[in-house]
Amino acid sequence: DAMVIQNPRYQVTQFGKPVTLSCSQTLNHNVMYWYQQKSSQAPKLLFHYYDKDFNNEADTPDNFQSRRPNTSFCFLDIRSPGLGDAAMYLCATSRAPGLAGGYEQYFGPGTRLTVT
Amino acid sequence: AQSVSQHNHHVILSEAASLELGCNYSYGGTVNLFWYVQYPGQHLQLLLKYFSGDPLVKGIKGFEAEFIKSKFSFNLRKPSVQWSDTAEYFCAVRRDGGFKTIFGAGTRLFVKA
């Protein structure tokens, strides 16, 4: 009964070689988020989708892009990975704000990205 | 800008000891507050949340947290920890009605059997 699924769990890519990370959800939530978490640091929000509306955080590098082809799936594209992009990438979902019962986030297991 | 500060990066306790993890945030408006837990090898899970109402919030596995608005704090407590509570704990805050959740750097708890 997995709710937020991330594939792959581990990804190795070469410096400068584009890579795509995948997230899917079975919760039918409106909002999907991508976080970057480096070792011993807090998860940091990169961007989120509210339905089809894309919302980029001001300090997210242009190297990071995202696509959401439908409600269930969301992708993180890293166009030219650098060594500094090695991290755990977390996908999360939530309902929309304002709905009864609150809208806490549900997290996937993460994809650990290594850049060689 | 919002920020979240967790007072301890590493905590080591013996089983049955009491736990209190400190969390302070900086934001002047109405906030939603969360504690998430990440057990070894597992994903982040919600431990408890505060949106409004009673500032003493009870979560899963015997955890509770108290929101003290005047102190901008949301400390996590458990009267008697178990070995299975070994995990990393993250405090998080979000502006009420917003999307962006700010996480603290986390506290790694190790409980000795």
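The model shown is predicted, which means the values in this text are computed figures rather than measured ones.

### A few points about the overall build of chain A
When you go through chain A residue by residue, the secondary structure sums to 0 helices and 11 strands. Seen in sequence order, chain A has helices and strands lined up from the N terminus as β-β-β-β-β-β-β-β-β-β-β. For chain A, the C-alpha radius of gyration of 14 Å lies close to 13 Å, the compact-globule estimate for 116 residues. When its C-alpha atoms are laid out on the principal axes, chain A stretches across 45 × 30 × 30 Å. Restricting the contact set of chain A to residue pairs at least 6 apart, pairs at least 24 apart contribute 56%. Surface summary for chain A: the accessible area is close to 5,600 Å², and the carbon and sulfur share equals 50%. Positive and negative charge centroids in chain A, built from 10 and 9 side chains respectively, lie 7 Å apart.

### Brief notes about the packing of aromatic side chains
Enumeration over the complete set of coordinates arrives at 18 aromatic pairs over all chains. Residues Phe34 of chain B and Phe51 of chain B carry aromatic rings whose centres are separated by 5.7 Å and whose planes lie at 90° to one another, so their mutual orientation is edge-to-face. One end of the pair, Phe34 of chain B, is in strand β5 (residues 31–38); the other, Phe51 of chain B, is in the loop between β6 (45–50) and β7 (56–58), and 17 residues separate them in sequence. For Phe34 of chain B, a relative accessible area of 0% puts it in the buried group. We classify Phe51 of chain B as partly exposed; its relative accessible area is 21%. The side chain of Arg94 of chain B reaches across the aromatic face of Tyr103 of chain A, ending 3.5 Å from its centre.

### Remarks on the interface of chain A and chain B
Counting residues at the interface gives 22 residues for chain A, matched by 21 residues for chain B. Contact with chain B buries surface across chain A, with Tyr103, Glu104 and Phe107 of chain A losing the most and accounting together for 32% of the total. Along the contact surface separating chain A from chain B lie 2 salt bridges. At the junction of chain A with chain B, the criterion picks out 7 residue pairs in polar contact (both at pLDDT 80 or more). Counting residues per element, the side of chain A that touches chain B draws most heavily on strand β4 (residues 31–37) of chain A, which supplies 4 residues. For the side of chain A that touches chain B, the per-class residue count stands at 12 nonpolar, 8 polar and 2 charged.

### Points about the sheet that holds strand β7 (residues 64–67) of chain A
Residues and elements named next belong to chain A. The strand order across the open sheet built from 4 strands is β1-β3-β8-β7, with neighbouring strands paired in antiparallel fashion. The sheet is open, and its two edges are formed by β1 (4–7) and β7, each paired on a single side. The sheet shows a mean angle of 20° between the axes of neighbouring strands, taken without regard to direction.

### Comments concerning the state of the cysteines
Evaluated as defined, the whole model comprises 2 disulfides over all chains. Summary of cysteine pairing: Cys74 of chain A is not part of a disulfide, and the nearest cysteine sulfur, belonging to Cys91 of chain A, is at 6.1 Å.

### Quick look at the nonpolar core
Burial of nonpolar side chains together is a common tendency in soluble globular proteins. Counting residues in each nonpolar core, the largest one holds 29 residues, and the members touching the most others are Leu33, Trp35, Leu48, Phe74, Leu76 and Tyr89 of chain B. The next biggest cluster of nonpolar side chains, apart from the first, holds 18 residues, and it includes Val19, Cys23, Phe64 and Cys91 of chain A.

### Thoughts on the environment of Tyr36 of chain B
Structurally, Tyr36 of chain B can be placed in strand β5. Residue class for Tyr36 of chain B comes out buried when judged on its relative accessible area of 1%. Taking the C-alpha atoms as reference, Tyr36 of chain B lies 8.4 Å from Glu88 of chain B; in sequence the two are 52 residues apart. Setting aside residues no more than four positions away along its own chain, Tyr36 of chain B makes contact with Glu104, Gln105 and Phe107 of chain A together with Leu44, Gln45, Leu46, Leu47, Glu88, Tyr89, Phe90, Ala92 and Phe103 of chain B. At 3.3 Å, the side chain of Tyr36 of chain B and the backbone nitrogen of Gln105 of chain A are in polar contact.

### Quick notes on the environment of Val11 of chain B
Residue and element names in this part refer to chain B. In this fold, Val11 is placed in strand β2 (residues 10–14). Taking the C-alpha atoms as reference, Val11 lies 14 Å from Cys23; in sequence the two are 12 residues apart. Every residue in contact with Val11, bar those within four places of it in the chain, is listed here: Leu21, Thr107, Arg108, Leu109 and Phe110.

Conventions we followed
- Residues numbered from 1 in each chain as written.
- Chains lettered and ligands numbered in written order.
- Predicted model: local features only at pLDDT ≥ 70, side-chain atom pairs only at ≥ 80, totals over all residues.
- Heavy atoms only, no water.
- Helix = DSSP H or I, 4+ residues; strand = E, 2+ residues; numbered from the N terminus.
- Rg over C-alpha atoms; globule rule 2.2 N^0.38 Å.
- Contact = heavy atoms within 4.5 Å.
- Areas by Shrake-Rupley, 256 points an atom, 1.4 Å probe, with all protein chains shown as cover.
- Lys, Arg positive; Asp, Glu negative; His and termini not counted.
- Charge placed at Lys NZ, Arg CZ, Asp CG, Glu CD.
- Phe/Tyr/Trp six-rings, centres within 6.5 Å; stacked < 30°, edge-to-face > 60°.
- Buried < 20%, exposed > 50% of the residue type's maximum accessible area, 1.4 Å probe, protein only.
- Lys NZ or Arg CZ within 6 Å of the ring centre and 35° of its normal.
- Buried area = accessible area lost by both parts, 1.4 Å probe.
- Salt bridge = Lys/Arg side-chain N within 4 Å of Asp/Glu carboxyl O.
- Polar contact = N/O pair within 3.5 Å; in protein donor to acceptor, adjacent residues only side chain to side chain.
- Nonpolar A, V, L, I, M, F, W, Y, C, P; charged D, E, K, R; others polar.
- Pairing = 2+ DSSP bridges.
- Axes fitted to C-alpha atoms, helices over the stretch in contact; angles between N-to-C directions.
- Disulfide = S-S within 2.5 Å.
- Core = buried A, V, L, I, M, F, W, Y, C linked by side-chain atoms within 4.5 Å.

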